Amino acid sequence: MESRQQQPEGSFIAYYFPFRWKSLSAKMAARRVTVTGILLFLIQGCSILAVELGTSNSNPVVEEHERVELSCIIKSTNTKEPRIEWKKIRDGQPHYVYYDKHIQGDLKDRARIQSKSSLVIQNTSRTDNGKYRCEVAAFDDDKKIAEIYIFLTVQVKPVIPKCTVPQSVPVGKSTVLHCQENEGYPNSVYRWYRNSEALPDDSKSSLKFHNSSFTLDPKTGTLTFAAVNKGDMGHYYCIASNDAGSAKCEEQQLEVYDLNIGGIVGGILVVLLVLALISGGIFCAYRKGYCARTSRPRGQNYKNPAKAEGVNYMRTNDEGDFRHKSSFII
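- You'll find the chain entered in an unreviewed UniProt entry as Ig-like domain-containing protein, with Hymenochirus boettgeri given as the organism.
- Recorded in UniProt for the chain, the comment headed Sequence similarities (unreviewed entry) runs: "Belongs to the immunoglobulin superfamily."

**Looking at the sheet that holds strand β8 (residues 111-114)**
Stage number 1. Across the sheet, which stays open at both edges, the three strands sit in the order β3-β9-β8 with antiparallel pairing between neighbours. A strand with exactly one partner marks an edge of an open sheet, and here the two such strands are β3 (68-70) and β8. Going across the sheet, the axis of each strand differs from the next one's by a mean of 25°, ignoring polarity.
Stage number 2. In this sheet, strand β9 (residues 118-121) lies alongside β3 in antiparallel orientation, the contact comprising three bridges. Counted as the bridge partner of L70 is L119 from β9.

**So, the packing of aromatic side chains**
Working definition: an aromatic ring pair is given by the centre-to-centre distance plus the angle between the planes.
Stage number 1. Going through the model one piece at a time under the given rule, you end up with five aromatic pairs.
Stage number 2. Seen in terms of ring centroids, Y96 and Y99 are 4.4 Å apart; in terms of plane orientation they differ by 45°. Their pairing is tilted.
Stage number 3. Among the aromatic side chains, those forming a connected cluster through ring pairs are F209, F214, F225 and Y236.
Stage number 4. Directly above the aromatic system of Y149 lies the positively charged group of K131, at a separation of 4.5 Å from the ring centroid.
Stage number 5. The side chain of K248 reaches across the aromatic face of Y237, ending 4.1 Å from its centre.

**Looking at the state of the cysteines**
Stage number 1. Enumeration over the complete set of coordinates arrives at three disulfides.
Stage number 2. A sulfur-sulfur separation of 2.1 Å characterises the disulfide bridge that pairs C163 with C249. Taking the sign of the torsion about the S-S bond as the criterion, the disulfide between C163 and C249, at about -100°, is left-handed. Separated by 86 residues along the polypeptide, C163 in strand β12 (residues 162-164) and C249 in the loop between β20 (245-248) and β21 (252-257) bring together distant segments of the chain. When sorted by exposure, C163 lands in the same class as C249, which is buried.
Stage number 3. C179 shares a disulfide with C238; S-S distance 2.1 Å. Disulfide C179 to C238: torsion about the S-S bond roughly -85°, handedness left-handed. With C179 in strand β14 (residues 175-180) and C238 in strand β19 (residues 234-242), the pair connects residues that are 59 residues apart, well separated along the chain.
Stage number 4. Here C179 falls in the buried class, since its relative accessible area comes to 1%.
Stage number 5. Along the chain, the cysteines engaged in disulfide bonds are linked according to the scheme 1-2, 3-6, 4-5 when indexed in sequence order.

Reading guide: rules and limits
- Residues numbered from 1 in each chain as written.
- Predicted model: local features only at pLDDT ≥ 70, side-chain atom pairs only at ≥ 80, totals over all residues.
- Heavy atoms only, no water.
- UniProt positions renumbered as here; feature names shortened; annotations may be inferred.
- Pairing = 2+ DSSP bridges.
- Helix = DSSP H or I, 4+ residues; strand = E, 2+ residues; numbered from the N terminus.
- Axes fitted to C-alpha atoms, helices over the stretch in contact; angles between N-to-C directions.
- Phe/Tyr/Trp six-rings, centres within 6.5 Å; stacked < 30°, edge-to-face > 60°.
- Lys NZ or Arg CZ within 6 Å of the ring centre and 35° of its normal.
- Disulfide = S-S within 2.5 Å.
- Buried < 20%, exposed > 50% of the residue type's maximum accessible area, 1.4 Å probe, protein only.

Below, the structure written as C-alpha cells:
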C-alpha cells in the first residue's frame, strides 16, 4: 500500500494497465509528430509561394573611387526568371538605375549586375550617395513583388581648407580666424592649432589657456577672440577632418602689439600745433594786407569820359569801332 501511495497523480492507469498506457502514449506521440509535420509543410509551402528578398549589408560605406556592392539576395521564389529592377530615390522620386536588363543614367559605364540581382558600382563618386531600392517581380508566386532598400554612403576626403588669420592685432581688440572647406563628405569638423598645440573649444575649459578669451566652433571652423593679449601671439593652422581623412592649411603668424598711448597723444598734439600755426600765419597775413583783395579806392567814382564838343562818332558796317567824322570848329 505504501508503494501505491507513493505513485504520482495520473499514474493509476499506468500502474494497473501498464500495456494499454504505453500503447496510448505512443499513439498520442505519433499524432503530435504528424500535426507538427503538417504545420511545417504548410509554412514551407507558403514561403515558397511568396518572393522574399534579403541583403548582406543594408548600409554599405565606401571611400570615393572604390568599388562597392549593393547586396540584393532572392531568398525564395517560385518563378524561374523574376524581373529585377534597381532604382535610386532622389528628392522623394524613384529614378531607374537598372531596367530591362540594362544599366541606366550616370552609372551606365560604372555598374553591373552580379549574382543575378545585386548591383556592383565601380569607381564610386560622391554623386552615388543616397537611397537605392531593389525590386523583384515574380509572377508565378502568390506574392508577386518584393523590395528592399539599401543606403549607400560614399565618403570623400577633405581638401586643404582655406584659412584666414589676421597678421597683426592690437592688445584688447576682438578678432576672428576662419577655416573652411566644402568638398569633404560627411561634412568636416575643424580644429585650430597654435604653435602645433591643439586649442580646446573654449579657453576657459583649460587651465593652460585660462588667460585667453577664445571660443572655437568645430562645425564652422571659426576661432573667435573676445580680446587678444600677448599670450595669443603665435603660428596658427587648422585641420579639417572626417571619416575619410583630413587636410591641413599652411601656418600663418598672428602678431599682437601694444597700443602706444603716449605716441598717439603726442601725435594729436603735434597736429593741433601745426593747425594753430597755420591759422595764426593766415591771420597775420590778413592783418598786414598781404592777403587783401585789390579793390577800388573809396570815395572815387569812375565815369566815362565826356565827348569832346564838335566831335561826332559813328559806327559803320565796315569798321568794328567808332570813326571820327566831324571837323574841328575854330
